[in-house]
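These are the residues of each chain, in order.
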Amino acid sequence: MMPNSAAPKRLPVPIAISFVLLAVMVASSFFIALTLIDNTARTGRVAEYRRALVELSSAVKDAETGQRGFLLTASDAYLDTYRAGLARVDPALTRVAGFEPRGASAQATLRLLVAGRLQKLAEAIDLQKAGRPDAAIAVVRSDRGKVLMDRASAIIERETRWAAAQANIQIA
């Protein structure tokens, strides 16, 4: 009888197992690489969220500092700091909102609180400009603006802590 040369040759079992293990290792490496890329991107987004929160806080504090200097001195030079802070508030709020879904929720509340705070700053400045420094100081002493900013600061602090925790989780 003639040997059948058309019959398929079988791979020895150890070689077949080696190919299966190699395929599993390649697939695992691919999955790990995709996970690493995703975590790196997420960590970058979380870091951007933190920066936006810090920028928002800094912008409002600059506006407060400018207002305070103007109320103390009646010098328009302090209003430059106030105006510079105001100009940075909306861009910072927009950046906060860009971090979905968490940022949009925080941004909506922060926008209301910060708007209220900035309105109180403007009210005191307008009174000082009108030659009514006692009324301007009365606005500050009412603490309405402080209460609004304390609430906004609490949200910013909470969100900043959350973002820091997320960054730590992703590094681990």
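The rules behind the values
Residues numbered from 1 in each chain as written. Predicted model: local features only at pLDDT ≥ 70, side-chain atom pairs only at ≥ 80, totals over all residues. Heavy atoms only, no water. pLDDT = per-residue confidence, 0-100. Helix = DSSP H or I, 4+ residues; strand = E, 2+ residues; numbered from the N terminus. Core = buried A, V, L, I, M, F, W, Y, C linked by side-chain atoms within 4.5 Å. Buried < 20%, exposed > 50% of the residue type's maximum accessible area, 1.4 Å probe, protein only. Contact = heavy atoms within 4.5 Å. Expected span 1.5 Å × (residues − 1). Bend = angle between axes of the 7 residues up to and from the residue. Phe/Tyr/Trp six-rings, centres within 6.5 Å; stacked < 30°, edge-to-face > 60°. Patch = residues over 30% accessible without salt bridge, like charges linked within 9 Å, V, L, I, M, F, W, Y side chains within 5 Å. Areas by Shrake-Rupley, 256 points an atom, 1.4 Å probe, with all protein chains shown as cover. Salt bridge = Lys/Arg side-chain N within 4 Å of Asp/Glu carboxyl O.

**So, the confidence of the model for the chain**
Now for step 1: Taken residue by residue, the chain gives an average pLDDT of 86. The fraction at 70 or more is 86%.
Now for step 2: Taking the mean pLDDT of every element in the chain, the minimum, 84, falls on helix α1 (residues 13–73) and the maximum, 95, on helix α4 (residues 133–141).

**So, the environment of Leu 72**
Now for step 1: Locating Leu 72 in the fold gives a position in helix α1.
Now for step 2: Taking C-alpha positions, Leu 72 is 9.4 Å from Ile 137, a pair spaced 65 residues apart along the chain.

**Side note on the nonpolar core**
Now for step 1: In this structure, Tyr 49, Leu 56, Val 89, Leu 110 and Val 114 are the most contacted members of the largest nonpolar core, which totals 34 residues.
Now for step 2: Put simply, the parts of the chain that give this core at least two residues each are α1, α2 (77–97), α3 (102–129), α4 and α5 (144–171).
Now for step 3: Residue contributions to this core peak at 10 residues, all from α1.
Now for step 4: Beyond its immediate sequence surroundings of up to four residues, Val 89 is in contact with Leu 56, Ala 59, Val 60, Val 114 and Leu 118.

**A word on the environment of Glu 55**
Now for step 1: Considering the arrangement of structural elements, one finds Glu 55 in helix α1.
Now for step 2: Considered as a pair, Glu 55 and Ala 92 are 37 residues apart in the sequence and their alpha carbons are 6.1 Å apart.
Now for step 3: Ignoring sequence-local partners within four residues, the contact set of Glu 55 consists of Arg 88, Ala 92 and Arg 95.

**Observations regarding the side chain of Lys 120**
Now for step 1: Here Lys 120 shows up in helix α3.
Now for step 2: Not counting the four nearest positions on each side in its chain, Lys 120 is found in contact with Gln 67, Val 139, Arg 144 and Gly 145.

**Some words on unusual backbone geometry**
Now for step 1: Residues other than glycine seldom take positive phi values, yet Ala 74 does so here, at roughly 60°.
Now for step 2: Mapped onto the elements, Ala 74 comes out in the loop between α1 and α2.
Now for step 3: A positive phi angle, near 65°, is found at Asp 143, a position not held by glycine.
Now for step 4: Along the chain, Asp 143 turns up in the loop between α4 and α5.
Now for step 5: You can call Asp 143 partly exposed: its relative accessible area is 38%.

**As for α2**
Now for step 1: Between the first and last C-alpha of α2 there are 32 Å, a value that for 21 residues agrees with the 30 Å anticipated at 1.5 Å per step.
Now for step 2: Largest kink in α2: about 25°, centred on Val 89, with the proline Pro 91 one to four residues after it.

**A few points about the packing of aromatic side chains**
Now for step 1: Enumeration according to the criterion identifies three aromatic pairs in this entry.
Now for step 2: On the numbers, 4.5 Å between centres and 15° between planes, the contact of Tyr 49 with Phe 99 is stacked. Highlighted residues: Tyr 49 in helix α1 and Phe 99 in the loop between α2 and α3, separated in sequence by 50 residues. Of the two residues examined, Tyr 49 and Phe 99, each falls in the buried class.
Now for step 3: Note on Tyr 49 and Trp 162: the rings are 6.2 Å apart at their centroids and 80° apart in plane angle, and the pair reads as edge-to-face.

**Points about a nonpolar patch on the surface**
Now for step 1: On the surface, a nonpolar cluster with roughly 500 Å² of combined accessible area is contributed by Ile 15, Phe 19, Leu 22, Met 25 and Val 26.
Now for step 2: Relative to the assigned elements, Phe 19 resides in helix α1.
Now for step 3: Assessed through its relative accessible area of 52%, Phe 19 is described here as exposed.

**So, the environment of Ala 124**
Now for step 1: Secondary-structure assignment places Ala 124 in helix α3.
Now for step 2: Using a relative accessible area of 0% as the deciding quantity, one classes Ala 124 as buried.
Now for step 3: Spatially, the C-alpha atom of Ala 124 lies 7.5 Å from that of Ala 135, the residues being 11 residues apart in sequence.

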